[in-house]
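Structural overview for review
So you can see what is in the structure, the chains are spelled out below.
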Amino acid sequence: MAGELTRLRYAKKGRVGYVTLDRPEVLNAMDLRMHEELRGVWDEIEADDDVWVVVLAGAGERAFSVGQDLKELAERVRAGTSLSTFGSRGRPGYPRLTERFAFAKPVIARVQGFAMGGGFELALACDIIVAAEDAVFALPEAKLGLVAGAGGVFRLAQQLPYRAALGHLMTGRRLSARRALEYGLVNDVVPAGELDACVDGWVRDILRCAPLSVRAVKEAAAQAVTTPLERSFATRHVWEERRMHSRDALEGPLAFVEKREPEWTCT
C-alpha cells in the first residue's frame, strides 16, 4: 500500500490478510494516524482478490485496543477543536471499518486483554470474535462525557439483550470474556496460549467454504437484522447475485458428487 505503516502491521499469508494494531506501549490506543493507516489497509484488502478472510489483532498480550488515544484527544480539546458525535465522516480514516457497511470479506477479531471504547467498537464491527480468557470488554465513554460514537451504542444494543446493553452503556461496566460468551457476543473463549490455534481453526473453516457464498451470507445476514423476513426474501442482494451466477456455484455440487475437495476460484 502507499505510505509507510507506523501504527499498524499488515501481512498476507495465502488467502488471509493479517492486520495488527501496533502501539503496544499505549495498549494499542488509536490516534488519528492509525485511523488513516487503517483506511489504506481496508482499501487495499477490499481491492485485493487474493484476500478472502481477514484477522484483526492487537500487538502484545495486554490489549486488543483501549480505543481512542485520550492524550491526543485532550490536546485537541485544549486547542479548541470541536468534538465529534456519531460516525467519522470528515475525519481521518473515513470510512472506518465501523462504517464500511458493504465490506464483504469476513473479518475475525482476535482479542486478548483489553478491548475498550473504540477497541470494543472495532471488535463489534467484525464478523467473528475469538477471545482469550483474560479479555475484558467495555464502553466507558459515558464516564468521560463522551458517547460510543463508532457504532458501539447501536451494535451493542443489537448484539446484547437490550437491558444488558443499556446497563453497560450507561455505566461503563466491564464485561468479562466468559460473560460475553454467555451472551453470544463472542464466538469462542480459550486460554491465551490457545488463542492463535482457535483463530486458525476459524480461518480454515471459512476458507473451506466458497468465498462468494461467505460474502453472500454476510451481506444477507447483516440486512436481516433490521429487515422484516418477507422483505428479506424479496431483496436482491449484490453478493448473492454474484454467487448465483458464479463458477463456484457449479463447482460445489460437482465436487461433492465426484468425492473431491472443491477448488474455489471466487468467479
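Below: a short report on this structure. Owing to the predicted nature of the structure, the values given are computational and were not obtained by experimental measurement. (Residues numbered from 1 in each chain as written. Predicted model: local features only at pLDDT ≥ 70, side-chain atom pairs only at ≥ 80, totals over all residues. Heavy atoms only, no water.)

**Overview of the packing of aromatic side chains**
Counted by the stated rule, this structure contains three aromatic pairs. Considering the side-chain rings of tryptophan 42 and phenylalanine 103, the 5.7 Å spacing of their centres and the 80° angle between planes classify their relative orientation as edge-to-face. In this pair, tryptophan 42 sits in helix H1 (residues 32–47) while phenylalanine 103 sits in the loop between helix H2 (70–78) and strand S5 (107–111), placing the two residues 61 residues apart along the sequence. A residue is classified by how much of its surface remains accessible, and tryptophan 42, at 1% relative accessible area, is buried. Measuring from ring centre to ring centre gives 5.1 Å for phenylalanine 120 and phenylalanine 137, while their planes differ by 45°; the resulting arrangement is tilted. Placement of phenylalanine 120 in helix H3 (residues 118–124) and of phenylalanine 137 in strand S8 (residues 136–138) is noted, with a sequence separation of 17 residues between them. (Phe/Tyr/Trp six-rings, centres within 6.5 Å; stacked < 30°, edge-to-face > 60°. Helix = DSSP H or I, 4+ residues; strand = E, 2+ residues; numbered from the N terminus. Buried < 20%, exposed > 50% of the residue type's maximum accessible area, 1.4 Å probe, protein only.)

**Description of the sheet that holds strand S3 (residues 53–58)**
Spatial ordering of the open sheet is given by S1-S2-S3-S5-S7-S10, a layout of six strands whose pairing is mixed. The strands lining the two open edges of the sheet, one partner per strand, are strand S1 (8–13) and strand S10 (188–190). The mean inter-strand angle of the sheet, taken between neighbouring strand axes irrespective of direction, is 20°. In this structure, strand S7 (residues 128–132) lies alongside S10, joined through three bridges in parallel fashion. (Pairing = 2+ DSSP bridges. Axes fitted to C-alpha atoms, helices over the stretch in contact; angles between N-to-C directions.)

**Focus on the sheet that holds strand S4 (residues 63–65)**
Across a sheet, strands are paired by hydrogen bonds formed along the backbone, either parallel or antiparallel in direction. Taken in spatial order, the four strands of this open sheet run S4-S6-S8-S9, and their pairing is mixed. One side of each edge strand has no neighbouring strand; the edge strands of this open sheet are S4 and strand S9 (175–176). Where S4 meets strand S6 (residues 114–116), two bridges bridge the pair, whose relative direction is parallel. Paired with serine 65 across the two strands is alanine 115, which belongs to S6.

**Observations concerning helix H7 (residues 195–207)**
Spanning 13 residues, H7 covers 19 Å between terminal C-alpha atoms, matching the ideal 18 Å at 1.5 Å per step. Those residues of H7 that fall on the buried side of the exposure criterion are Leu195, Cys198, Val199, Gly201, Val203 and Ile206. Each element contacted by the buried residues of H7 is listed here: strand S2 (16–21), S3, S5, S7, S10 and helix H8 (211–224). (Expected span 1.5 Å × (residues − 1). Contact = heavy atoms within 4.5 Å.)

**Quick look at the pairing of S5**
The element S5 is extensively covered by neighbouring structure, given that five of its five residues are classed as buried. Burial along S5 is two-sided: the residues Val107, Ala109 and Val111 and Ile108 and Arg110 are all buried. Pairing between S3 and S5: four bridges, direction parallel. Paired with alanine 57 across the two strands is arginine 110, which belongs to S5. For S5 and S7, the ladder comprises four bridges, and the chain directions are parallel. Along S7, the bridge assignment pairs arginine 110 with valine 130.

**Overview of the pattern of salt bridges**
Using the criterion set out here, one finds 19 salt bridges in the structure. The salt bridge involving lysine 12 is made with aspartate 48; its shortest N-O contact spans 2.6 Å. Taken together, the positions of lysine 12 in strand S1 and aspartate 48 in the loop between H1 and S3 put the pair 36 residues apart, joining distant regions of the chain. The exposure class assigned to lysine 12 is partly exposed, which follows from its relative accessible area of 39%. Owing to a relative accessible area of 14%, aspartate 48 belongs among the buried residues under this scheme. When salt bridges that share partners are traced, they join Arg7, Arg23, Asp31 and Asp69 into one network. (Salt bridge = Lys/Arg side-chain N within 4 Å of Asp/Glu carboxyl O.)

**Section: the environment of valine 111**
Note on placement: valine 111 falls in strand S5. The contact partners of valine 111, leaving out residues within four places of it in the chain, are Phe64, Ala123, Ile129, Val130, Ala131, Ala132, Ala135, Phe137 and Leu195.

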